[in-house]
Amino acid sequence: MTKRAVALYFTLLSLAAAPCLHAEPQVPAAPPVAAGAAKQSSREVIQQKLQLVKMLLTQSTAIERAAGSGDPAIEQQGAAVLALYAKANDTFNAGDMAEAEKLLDEVLRLIADISRLAPDPVKVEAEQRARYDELLENVRGIQVTYHVMRNDMSPNDKQLPVVIANLERNRSLIDQAQALAQDKRYKEAIELLDKGYTAGVFDLNILMGSAVKSYELKFNSPAEEFAHEVTRYHSYEELIPIAYAELKPSEGNIKLSESYVQESRKGRDTALKQAAGGDHQTAIGILQEATKRLQTALRTLGLTVPE
């Protein structure tokens, strides 16, 4: 086989999974005729399959990818495809239609296998890029939560250094992942972000369970205290999508949690209206109750949250 023939054979990979390749092509029904005519019809069907396989092979780059994969097993399968197709063609020319079709079906099976073992690098990169973008967004969500927590804590809170350390570690993680992605090393970036995301959610769980927030803060006015409560509310709100993604709660728990979230948002909106009207003291109490609803929503999902 020539190098061009090798290239031809592997186009078949991307199309081999199509249902029509595994069944005989449909041909118009003909009235019953002599046995010789029936045999001729079968030959036409096999010839169509041979032509189809050849056409697919001329359009695919899968065999070239397999030949350059450096994997002996994949390279051996590529050689087997070529040998089987040549044998199927010879068998067809010799008049053994049943054996020729059997060999062609085996060629299609091998091509489908090779297409999975030697996937299109462009497609693989696109899939990896999508997964990288998803994880990066999740890790950035944790970063936002750490920022909110830090801003919400008293300077003398004993957990403040832990939050700051986690914030810096998370920032470094994002920088490393982005550098890898810039070099298109998406697989390494994905592994890094995946581990970092899991660790980040775990740390947040511990911090929230350790009563991170301090209420020794002194405010100069009810308006300033209300602004603090708004930040505190958002710090819990940011944890909801993280808990969904990481803890993977049941559908029933998600619905129950969502009901608490909706209740909290109604309270938040009421508090904002009260504050806009100048009644910050009333707004503070309403927003604190709304925050408690968010805490309940998080507990429903399985996250440890202090009272």
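Definitions and cut-offs
Residues numbered from 1 in each chain as written. Predicted model: local features only at pLDDT ≥ 70, side-chain atom pairs only at ≥ 80, totals over all residues. Heavy atoms only, no water. Helix = DSSP H or I, 4+ residues; strand = E, 2+ residues; numbered from the N terminus. Buried < 20%, exposed > 50% of the residue type's maximum accessible area, 1.4 Å probe, protein only. Contact = heavy atoms within 4.5 Å. Areas by Shrake-Rupley, 256 points an atom, 1.4 Å probe, with all protein chains shown as cover. Expected span 1.5 Å × (residues − 1). Phe/Tyr/Trp six-rings, centres within 6.5 Å; stacked < 30°, edge-to-face > 60°. Lys NZ or Arg CZ within 6 Å of the ring centre and 35° of its normal. Core = buried A, V, L, I, M, F, W, Y, C linked by side-chain atoms within 4.5 Å. Axes fitted to C-alpha atoms, helices over the stretch in contact; angles between N-to-C directions. Parallel < 35°, antiparallel > 145°, perpendicular 65-115°, else oblique. Nonpolar A, V, L, I, M, F, W, Y, C, P; charged D, E, K, R; others polar. Left-handed = near helix turned anticlockwise from the far one by under 90°. pLDDT = per-residue confidence, 0-100.

### A closer look at the overall build of the chain
A tally of helices and strands in the chain yields 13 helices and zero strands. Counting helices and strands in the order they occur from the N terminus, the chain gives α-α-α-α-α-α-α-α-α-α-α-α-α. The buried share among the 307 residues of the chain stands at 39%. Summarising the internal contacts of the chain: among those between residues at least 6 apart in sequence, 76% fall at separations of at least 24. For the chain, the exposed surface amounts to about 16,700 Å²; the carbon and sulfur share of it is 54%.

### Side note on helix H10 (residues 222-237)
Taking 1.5 Å of rise per residue, the 16 residues of H10 would be expected to cover 22 Å, and the 22 Å separating its terminal C-alpha atoms lies within 8% of that figure. Among the residues of H10, those classed as buried are Phe226, His228, Glu229, Arg232, Tyr233, Ser235, Tyr236 and Glu237.

### With respect to the packing of aromatic side chains
Per the stated rule, a full pass over the model turns up one aromatic pair. Summarising the aromatic geometry, the rings of tyrosine 132 and tyrosine 186 are spaced 5.9 Å apart at their centres and angled 55° between planes, so their arrangement reads as tilted. Residue tyrosine 132 is found in helix H7 (residues 121-152), and its partner tyrosine 186 is found in helix H9 (residues 186-209); the two are separated by 54 residues along the sequence. Side by side, tyrosine 132 and tyrosine 186 carry an identical accessibility label, which is buried. Above the plane of the ring of phenylalanine 92 lies arginine 43, whose end atom (NZ or CZ) is 4.4 Å from the centre.

### Examining the nonpolar core
Across soluble globular proteins, nonpolar side chains show a tendency to be buried alongside one another. Tyr132, Tyr146 and Leu193 are the most contacted members of the largest nonpolar core, which has 43 residues in total. Elements with a contribution of two residues or more to this core: H7, helix H8 (160-182), H9, H10, helix H11 (239-247), helix H12 (251-276) and helix H13 (280-301). Setting aside anything within four residues of it in sequence, one finds tyrosine 132 in contact with Ala177, Gln178, Ala181, Tyr186, Ala189, Ile190 and Leu193. In this structure, Leu84, Phe92, Met97 and Ile111 belong to the second largest nonpolar core, which totals 17 residues.

### Let's talk about the packing of H10 against H11
Packing of H10 against H11 leaves a shortest axis separation of 5 Å and a crossing angle of 10°. Compared by their axis directions, H10 and H11 come out roughly parallel. Where H10 abuts H11, its residues Ser235, Tyr236 and Glu237 lie against Leu239, Ile240 and Pro241. Taken together, the residues of the contact of H10 with H11 sort by class into four nonpolar, one polar and one charged.

### Describing the environment of lysine 184
Summarising the element assignment, lysine 184 is placed in the loop between H8 and H9. Taking the C-alpha atoms as reference, lysine 184 lies 9.4 Å from glutamine 128; in sequence the two are 56 residues apart.

### Let's talk about the packing of H10 against H13
Any two packed helices are characterised by the angle at which their axes cross and by the distance between the axes. Packing of H10 against H13 leaves a shortest axis separation of 9 Å and a crossing angle of 15°. When the interaxial angle is binned, H10 and H13 end up roughly parallel. Note that H10 runs across H13; the crossing there is left-handed. On the side of H10, the interface is formed by Pro222, Ala223, Glu225, Phe226, Glu229, Val230, Arg232, Tyr233, Tyr236 and Glu237, while H13 contributes His280, Gln281, Ala283, Ile284, Leu287, Gln288, Ala290, Thr291, Leu294, Gln295 and Leu298. Across the contact of H10 with H13, the residue classes tally to twelve nonpolar, five polar and four charged.

### Some details on the side chain of serine 257
Mapped onto the fold, serine 257 is located in helix H12. Discounting residues that sit within four places of it in the chain, serine 257 has contacts with Tyr244, Ala297, Thr300 and Leu301.

### What about H12?
Taking 1.5 Å as the rise per residue, H12 with 26 residues should run 38 Å; its terminal C-alpha atoms sit 37 Å apart, in good agreement. Turning to H12, its buried residues are Ser257, Val261, Ser264, Gly267, Arg268, Ala271 and Ala275. Looking at the buried side of H12, the elements it contacts are H10, H11 and H13. Following H12 by one or two positions, glycine 278 has its phi on the positive side, about 95°.

### Here's the deal with the environment of valine 148
Locating valine 148 in the fold gives a position in helix H7. Taking C-alpha positions, valine 148 is 9.1 Å from tyrosine 236, a pair spaced 88 residues apart along the chain.

### Brief notes about the confidence of the model for the chain
The predicted model of the chain averages 74 in pLDDT, with 71% of residues at 70 or higher. Taking the mean pLDDT of every element in the chain, the minimum, 32, falls on helix H2 (residues 12-15) and the maximum, 93, on H12. Confidence drops under a pLDDT of 50 for residues 1-41, and excluding neighbours within four residues, the segment shows 71 contacts in the predicted structure. Across residues 211-215 the pLDDT falls below 50, and counting only partners more than four positions away or on other chains, this stretch makes 17 contacts in the model.

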